[in-house]
Structure formats: C-alpha cells, structure tokens
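Spelled out, the chains give:
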Amino acid sequence: MMDTFNRQLAANPLNSRQDAAALLLDLIRPLRAHYSADGAALHIGSTAAHYGERSARVEGWARVLWGLGPLFGGGSRSLPAAMQVEINGWAELYQQGLIHGTDPGHPGYWGDIYDFDQKMVETAALDVALVLAPDVLWEPLTDGQRQNVYRWLDQMNDHRIHPNNWRFFRILTNMVFARLGLPVNTERLKDDFGIVERCYTGGGWYFDGNDGQLDYYIPFAMHFYALIWAALSPLDENGYREKLKGRSAQFAGDFIHWFSDDGAELPFGRSLTYRFAHSAFFSALALAGVESPAMPWGAAAAYAFDAGNTCRAEMVRTFPNTNLMAPLCAVPTLVATLQPGTHLLLHAFFGDVSGTAGTNLDAIPKVVPGPVVSVLKSNGQTVLVDLEARHD
C-alpha cells in the first residue's frame, strides 16, 4: 500500500494548481478515517510529546489546515467535479471541527489556552485559514459560534508566550481580529513585534529567541510568518510591512545556498521532518509580492517546486536526517532508511568515531541487505546504520 501511495505522489507532474490540489488531497486522504466524530481532533497513533494527548490531537487537526486553508481560499470551481466534492467534504469537516473545538460546552472542546501552551502554536494555521477562507470557516457560523472562536483565540492575549518565533502566533491572531472586525490588542502587538526586533541581527537574518539559534526556523518561522503578516494584515504602522519584506528579500540571497540544484535541502538544525516547510519561504515571498534581486520569480518558483518535488519523491523511500544524533547516543542499533551520504554527518557530529562499510545485518531485523555503516563510538558502543534499508 505504501509503495502504491508513493508512486501516486511521484507521478503527479505538479505543473498546475489542479496538480497541487490533487497532491494535497492525496497526502491527506489517508487521515480522513482518524478524525473524531465531531471533526475537532485528529488521532493518528499512540505517540508521546512534552504536552498532553488532547493538545496532540489539536495539533494534528490544525497542521492539515496549512494545506486546506489555501485550498479553500483559492476556490474549487475550476477543478474537476470529483475534486470539488472531496474538497467540500473537507470544508464541512473543518467547519464542524472549528465549531465544536471552540465550544466550551461541547465534549470535543480543545481546552483553554494557558501560559506557553502548545495550542498556541496551532493557532497559526487556523489564523491563516480564517483570513484566506472566511466563507468556509467564519461567515457560515452563527453569532454564538463566532463568539466562541473569538473567545478561544483571544486567550492568546491573556497568557505568556516564549520570546521567540512563538510571538508570531499572537501577532497572526491579532491580524485575524483586524481582518474580521474584532477587537485587536495593540499593546500585545507592540510587545510581540518588540521581541521580533530584538531577534533581528541585520543582513536579513534573525535568531530564534536565543542569540546564535540559526536554522530552518529562520526561513520557515521568522520570515514565513512575517511575510504572511505583510501580505494579509490590514495593520501597518510606520511602514513596518515594507521593512519586513525588505529583510526577506535580503535573506533570500543567502538561503538559496541551502539547496542543491535538484531541490534537496541542507540537513541541519531542528525539525527536519517539516519537509515541505523548508521551501515554504519561497512561496511566502510570492504571497507577499517580494521579488529578491538575488532571486527572480523564476528562481523562486523553481526552488519552491524542486524542493517540494524532492520531499514528496523521498517521502516514503527515505527517512529524513532528523534528530539522528540523539538516537545514536541512546541505542546500540539504529535502523533507518537514510539519504546517501548521511554517514558523513556522523563524522561531523562525532569527531571520535570511525565509519567503515560492512555487511553485518544480524542486529537489523526485517531488512533486505544493503550498504551498512558500522560506527564505533569512543565508549566502545557499535552502531550499525543501514543507508538504504528496504523493509519487508
């Protein structure tokens, strides 16, 4: 089944909006059976994080909106009838999920937001979807249902938020309020943009909360959210919108060097499993109408599509190089499907190891033989990494 799914994704030429819509629907269709009956939660497995199960299910629900929000907002009348029917089904599911998730009297209520809450993160996708598709997620709601949505989101203005890219979650929430004619907390906006300014280091670069924290959170968080604000917010004091856009244009000249000619990205930093997010910056440039002198529109489109193509082509066949070093420290044997060259990263992160090609597969269950790197750590522990594992 997974091979069939992968072939279907890889066969999409991704040459038009219809192709992009089909890719999104292909990606999310397997999730449909895992939503709660009220549409307010998505549960796709028994996993664990530093936050509770309810927040995890809200996270699952909200992350899909990064695709559905723009799809709803762009309309579906030009798409084939079968796609329109499927999109309408998703719209109904998310409309009901929003109604129930923000209703404190409903069993599916997402729960109140508190200081440094994971649910703060999930407001971002909802904020953008509300702005892009009010005809789906706002206008059909009753006055009482709208008040519930506003009350739930407005909790962002009442609680403490980490002084890093998280401040954009509240910035975007107040952006939504401004777009929908709801009360905006200008004091919070002033404070949050103050944090953004503190994180700016010049030359188009920010750090993410902690000085020196430079990784993909700069393009797909600091710049991405800033460009969304610049493109969609009706609020703009002292030309700040143009300042944000100028920084992104400058940053683009550096960021293009994080990608190879075929769209593969540099495996570096946190959250490398957010694979489509790596090229989201280029799409956000287009949304905000920002053309960088270092990267004309054609190049921006090429990076966005080539990186997206690389992600979907490798989605099932390969395992991204994410948080790889932590498992290597903790377990004697690691089994993963990795992109060629990953063993070179082992030497970069562990200067005291040696890697040699080997064929000892005894400790790697259910794997068809392939190239293996045997890594000897300084503590005497041996770690076997299969670079091209194919599981039965």
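Residues numbered from 1 in each chain as written. Predicted model: local features only at pLDDT ≥ 70, side-chain atom pairs only at ≥ 80, totals over all residues. Heavy atoms only, no water.

Engineer: Sorry if this is basic, but what is going on with the packing of aromatic side chains here?
Structural biologist: Two descriptors summarise a pair of aromatic rings, namely the distance from one centre to the other and the angle between the planes of the rings. Enumeration according to the criterion identifies 33 aromatic pairs in this entry. Between phenylalanine 193 and tyrosine 240, the ring centres sit 4.8 Å apart and the planes meet at 80°, which makes this aromatic pair edge-to-face. Of this pair, phenylalanine 193 sits in helix α10 (residues 186-199) while tyrosine 240 sits in helix α12 (residues 240-255), and the two are 47 residues apart along the sequence. The pair formed by phenylalanine 193 and tyrosine 240 is uniform in burial state, with each residue classed as buried. Chaining the aromatic ring pairs together yields one cluster made of Trp205, Tyr216, Tyr217, Phe220, Phe251, Phe255, Trp258, Phe259, Phe268, Tyr274, Phe281 and Phe282. The positively charged end of arginine 247 is found above the aromatic ring belonging to tyrosine 200, 3.8 Å away from the centroid. (Phe/Tyr/Trp six-rings, centres within 6.5 Å; stacked < 30°, edge-to-face > 60°. Helix = DSSP H or I, 4+ residues; strand = E, 2+ residues; numbered from the N terminus. Buried < 20%, exposed > 50% of the residue type's maximum accessible area, 1.4 Å probe, protein only. Lys NZ or Arg CZ within 6 Å of the ring centre and 35° of its normal.)

Engineer: Any chance you could explain the nonpolar core here in plain terms?
Structural biologist: Inside soluble globular proteins, nonpolar side chains tend to come together where they are buried. Judged by nonpolar contacts, the single largest core of 97 residues is most densely connected at Leu68 and Tyr94. When near neighbours in sequence (up to four residues on either side) are disregarded, tyrosine 94 contacts Tyr35, Trp61, Val64, Leu65, Leu68 and Leu137. (Core = buried A, V, L, I, M, F, W, Y, C linked by side-chain atoms within 4.5 Å. Contact = heavy atoms within 4.5 Å.)

Engineer: Would you take a moment to explain the environment of tyrosine 303 for this structure?
Structural biologist: With respect to the helices and strands, the residue tyrosine 303 is situated in helix α14 (residues 297-314). For the pair formed by tyrosine 303 and aspartate 262, sequence separation is 41 residues and the distance between their alpha carbons is 8.6 Å. Tyrosine 303 has contacts with Ile256, Phe259, Ser279, Phe282 and Met295, leaving out every residue within four places of it along the chain.

Engineer: Mind showing me how you'd approach the pattern of salt bridges here?
Structural biologist: Scanning the entire structure with this criterion turns up 15 salt bridges. Where aspartate 117 meets lysine 119, a salt bridge forms, and the shortest distance between an N and an O atom there is 2.8 Å. Neither aspartate 117 nor lysine 119 differs from the other in exposure class; each is buried. Here arginine 270 ties to aspartate 208 by a salt bridge, and the two come within 2.9 Å at their closest N and O atoms. Highlighted residues: arginine 270 in the loop between α12 and α13 (280-287) and aspartate 208 in the loop between β2 (205-206) and α11 (217-232), separated in sequence by 62 residues. According to the relative accessible area criterion, arginine 270 is partly exposed, its value standing at 31%. Ionic contacts of the salt-bridge type, sharing partners, join the residues Arg167, Arg170, Asp191 and Asp192 into one network. (Salt bridge = Lys/Arg side-chain N within 4 Å of Asp/Glu carboxyl O.)

Engineer: Quick question: what am I supposed to make of α11 here?
Structural biologist: Residues separated by three or four positions in an α-helix point in the same direction, a consequence of the helix having 3.6 residues per turn. Taking 1.5 Å of rise per residue, the 16 residues of α11 would be expected to cover 22 Å, and the 21 Å separating its terminal C-alpha atoms lies within 8% of that figure. The largest bend in α11 comes to about 30°, at phenylalanine 224. Counting buried positions over the 16 residues of α11 gives 15, a clear majority of the element. (Expected span 1.5 Å × (residues − 1). Bend = angle between axes of the 7 residues up to and from the residue.)

Engineer: How should I be thinking about the packing of helix α9 (residues 167-180) against α10 in this particular structure?
Structural biologist: Each packed pair of helices is defined by two parameters, the angle between the axes and the distance between the axes. Axis separation between α9 and α10 bottoms out at 9 Å; the angle between their running directions is 140°. Regarding α9 and α10, the two cross each other, and that crossing is left-handed. Between α9, through Arg167, Phe168, Arg170, Ile171 and Asn174, and α10, the contact on the second element is made entirely by Arg188, Leu189, Asp191, Asp192, Phe193, Ile195 and Val196. (Axes fitted to C-alpha atoms, helices over the stretch in contact; angles between N-to-C directions. Left-handed = near helix turned anticlockwise from the far one by under 90°.)

What is shown is where atoms sit, not what they do.
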